[in-house]
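Commentary on secondary and tertiary structure
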Amino acid sequence: MSNNRSGIFVGGLMLGATIGALAGLLVAPRTGRETRKILQKSANAIPELAEDISTSVQIQADRLSASALRNWDETLDRLKEAIAAGVDASQRESQVLKRQTSPEDSDSIPQKLESL
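Residues numbered from 1 in each chain as written. Predicted model: local features only at pLDDT ≥ 70, side-chain atom pairs only at ≥ 80, totals over all residues. Heavy atoms only, no water.

This brings us to the overall build of the chain. Across its full length, the chain carries three helices and zero strands. Listed N to C, the secondary structure of the chain is α-α-α in terms of helices and strands. Across the 116 residues of the chain, 5% fall into the buried class. Summed over its atoms, the accessible surface of the chain is roughly 9900 Å², and 60% of this surface lies on carbon and sulfur atoms. (Helix = DSSP H or I, 4+ residues; strand = E, 2+ residues; numbered from the N terminus. Buried < 20%, exposed > 50% of the residue type's maximum accessible area, 1.4 Å probe, protein only. Areas by Shrake-Rupley, 256 points an atom, 1.4 Å probe, with all protein chains shown as cover.)

Rendered as structure tokens:
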């Protein structure tokens, strides 16, 4: 989602810069011939500019992807550790409960119930 937002931002930034440059050229006090030459140079530079933008967006996407993967791996490791700790704690609690209710106690439970 963040990658999509940054791509939209970069695209909007480039569109705004292009519109601003064209408006500046059209309003500037130059002859028509000079303005047309400048516009032609600008139009010829658009494919290179688009390639540069594409490359920078791809590099940023790769960085974000690598970062997300690292975060996912760290989160997965912490989750595994938490599950293992929970299983260990559950087993220890189960052993404590077994020790507290020894077989002698289980024999005396029916006797205690009869006496009630």
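Reported here for the largest pocket is a volume of approximately 240 Å³. Thr 18, Ala 21, Ser 42, Ile 46 and Leu 49 are the residues nearest the centre of the largest pocket, which is lined by 14 residues in total. Contributing elements (two or more residues each) for the lining of the largest pocket: helix H1 (2-27) and helix H2 (32-100). Split into classes, the residues belonging to the lining of the largest pocket amount to 12 nonpolar, two polar and no charged. (1 Å grid on protein atoms, 1.4 Å probe; cavity = no way out; pocket = protein on both sides within 12 Å on 5 of 7 lines; lining within 4 Å. Points joined across faces, edges and corners; volume = space filled by probe spheres on them. Nonpolar A, V, L, I, M, F, W, Y, C, P; charged D, E, K, R; others polar.)

All right, on to the UniProt feature "transmembrane region" (unreviewed entry) in the chain then. UniProt records the feature "transmembrane region" (unreviewed entry) at residues 6-28, using the numbering of this structure. Measuring from the first to the last C-alpha atom of residues 6-28 gives 32 Å, for a span that is 96% helix and 0% strand. (UniProt positions renumbered as here; feature names shortened; annotations may be inferred.)

The next thing to look at is a negative patch on the surface. Residues Asp 73, Glu 74, Asp 77 and Glu 81 make up a contiguous surface patch of negative charge. Along the chain, Asp 77 turns up in helix H2. Owing to a relative accessible area of 42%, Asp 77 belongs among the partly exposed residues under this scheme. (Patch = residues over 30% accessible without salt bridge, like charges linked within 9 Å, V, L, I, M, F, W, Y side chains within 5 Å. Salt bridge = Lys/Arg side-chain N within 4 Å of Asp/Glu carboxyl O. Lys, Arg positive; Asp, Glu negative; His and termini not counted. Charge placed at Lys NZ, Arg CZ, Asp CG, Glu CD.)

For H2, spanning 69 residues, the distance from its first C-alpha to its last is 98 Å, which sits close to the expected 102 Å at 1.5 Å a residue. Bending of H2 peaks at approximately 35° at the position of Ile 46, with proline Pro 47 no more than four residues after it. Burial in H2 covers these residues: Thr 35, Ile 53 and Ala 61. (Expected span 1.5 Å × (residues − 1). Bend = angle between axes of the 7 residues up to and from the residue.)

What follows is about a positive patch on the surface. On the surface, Arg 33, Arg 36, Lys 37 and Lys 41 cluster together to form a positively charged patch. Turning to its location among the elements, Arg 33 is positioned in helix H2.

Turning to the confidence of the model for the chain, a few remarks are in order. Summing up the model confidence of the chain, the mean pLDDT is 80 and the portion of residues at 70 or higher is 84%. Confidence scores differ between elements of the chain, with helix H3 (residues 103-115) showing the lowest mean pLDDT of 57 and H2 the highest of 86. (pLDDT = per-residue confidence, 0-100.)

It is worth spelling out a nonpolar patch on the surface at this point. Taken together, Leu 69, Trp 72, Leu 76, Leu 79, Ile 83 and Val 87 make up a surface patch of nonpolar side chains, about 580 Å² in accessible area. For Leu 76, the position within the fold is in helix H2.

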